[in-house]
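# Coordinates in review
This is what each chain is made of:
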Amino acid sequence: MTAQHLVDVHVLFLRDGEILLSKRRSPDEFDGRWHLPAGKLESGESATVAAAREAMEEVGVTLHPAELRLIHVSHVVDAHRPARLGLFFEIRRWSGDPVNREPDKCYELRWFSLAALPDDIIAYSLEGIRAHSTGAPYSELGWGERSR
């Protein structure tokens, strides 16, 4: 059987040296940790359209898919979760003010200075945030000895 990988899209909302993060509400080890607005690609959907959909569903803003800029790709494996490929998009223009549209999945939204990020960011999200400043186009998480 061929292993399949999920595709996640993540949106880095950037304004005046700040980034928007959501505090995750979940029954797992990620509860209460900061994360980028993100979600899974749905069947028949392009990555940029998925990112725009997730932006509306999670934070209530409208963005134009053509204005998204791909800044990073991360290939992630974990013993307890499906493998995934994460696409990280930067956006600097959108319509509307971000609000928490999924209180069942998110405690709060907050803007953070890129120079003073919280310590409890989920590692997967942090890869994309770091790529914004380093320009690293690709990362691998969880592969460890599997690929060495």
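Right, let's walk through the structure included here.

### A short note on helix 1 (residues 47-59)
With 13 residues, helix 1 extends 18 Å from end C-alpha to end C-alpha; this agrees with the ideal 18 Å at 1.5 Å per step. Restricting attention to buried positions, one finds in helix 1 the residues Ala 50, Ala 51, Ala 52, Arg 53, Glu 54, Ala 55, Glu 58 and Val 59. Where helix 1 is buried, its residues contact strand 1 (6-15), strand 2 (18-24), strand 4 (38-40), strand 6 (81-91) and strand 7 (106-113). Just downstream of helix 1, Gly 60 is the residue with a positive phi angle, here 70 degrees.

### Overview of unusual backbone geometry
For Asp 16, which is not glycine, the phi dihedral falls at a positive 45 degrees. With respect to the element layout, Asp 16 can be found in the loop between strand 1 and strand 2.

### Describing the packing of aromatic side chains
Under the defined criterion, the tally for this structure stands at four aromatic pairs. Consider the rings of Trp 34 and Phe 112, whose centres lie 4.9 Å apart with planes at 75 degrees: the pair is edge-to-face. Here Trp 34 is found in strand 3 (residues 34-35), whereas its partner Phe 112 is found in strand 7, with 78 residues between them in sequence. For the pair formed by Trp 34 and Phe 112, the shared burial category is buried. Ring centres of Trp 94 and Trp 111 lie 6.1 Å apart, and the angle between their planes is 15 degrees; on these two criteria the pair is classed as stacked. Separated by 17 residues along the polypeptide, Trp 94 in the loop between strand 6 and strand 7 and Trp 111 in strand 7 bring together distant segments of the chain. Following the ring pairs from residue to residue traces out a cluster consisting of Phe 13, Trp 94 and Trp 111.

Reading the values: the criteria
- Residues numbered from 1 in each chain as written.
- Predicted model: local features only at pLDDT ≥ 70, side-chain atom pairs only at ≥ 80, totals over all residues.
- Heavy atoms only, no water.
- Helix = DSSP H or I, 4+ residues; strand = E, 2+ residues; numbered from the N terminus.
- Expected span 1.5 Å × (residues − 1).
- Buried < 20%, exposed > 50% of the residue type's maximum accessible area, 1.4 Å probe, protein only.
- Contact = heavy atoms within 4.5 Å.
- Phe/Tyr/Trp six-rings, centres within 6.5 Å; stacked < 30°, edge-to-face > 60°.

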